[in-house]
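Chain and residue survey
Residues per chain, in single letters:
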Amino acid sequence: MSHPVHSPDHYTCHPSGVECIEITRHMNYNLGNAIKYIWRCDLKDNDIEDLQKAVESLQDEIARRTMSPRKEG
């Protein structure tokens, strides 16, 4: 059953049957957000807006990684 906060339709209707949070909880904020917006973009009415949000999250992650020292390995 759909719930507007805990499990709205666009959270649980991906063809894989997997809820996005099961994947993104293993990522940092920016990467998880980008995946979330890509994952759900075809499940909501604002697909272009969601893709733009994904790009913004990726750009922020690139900037963050560019500003901080790289880990070897």
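All figures in this text were calculated on a predicted structure; none of them were measured in a lab. (Residues numbered from 1 in each chain as written. Predicted model: local features only at pLDDT ≥ 70, side-chain atom pairs only at ≥ 80, totals over all residues. Heavy atoms only, no water.)

Remarks on helix α4 (residues 47-67)
Since there are 3.6 residues in each turn of an α-helix, residues three or four apart along the chain are aligned in direction. For α4, built from 21 residues, the straight-helix expectation of 30 Å at 1.5 Å per residue is met to within 8% by its first-to-last C-alpha distance of 30 Å. Within α4, the full set of buried residues consists of Asp50, Ala54, Ser57 and Glu61. Looking straight down α4, one finds that the buried residues subtend no more than 60° of arc, so they occupy a single side. Residues of α4 that are exposed and point more than 90 degrees away from the buried face comprise Ile48, Gln52, Glu56, Gln59, Ile62, Thr66 and Met67. On its buried face, α4 is in contact with α3 (29-40). (Helix = DSSP H or I, 4+ residues; strand = E, 2+ residues; numbered from the N terminus. Expected span 1.5 Å × (residues − 1). Buried < 20%, exposed > 50% of the residue type's maximum accessible area, 1.4 Å probe, protein only. Arc of directions from axis to C-beta. Contact = heavy atoms within 4.5 Å.)

Some remarks on the pattern of salt bridges
Taken as a whole and judged by the stated rule, the model has 3 salt bridges. A salt bridge links Lys53 to Glu49, with the nearest nitrogen and oxygen atoms 3.4 Å apart. Within this pair, Lys53 and its partner Glu49 are both found in helix α4, separated by 4 residues, close to a single helical turn. According to the relative accessible area criterion, Lys53 is partly exposed, its value standing at 32%. The salt bridge partner of Glu61 is Arg65, with a shortest N-O separation of 2.6 Å. Note that Glu61 and Arg65 are positioned in helix α4 at a spacing of 4 residues, about one turn of the helix. Its relative accessible area of 3% is what places Glu61 among the buried residues. (Salt bridge = Lys/Arg side-chain N within 4 Å of Asp/Glu carboxyl O.)

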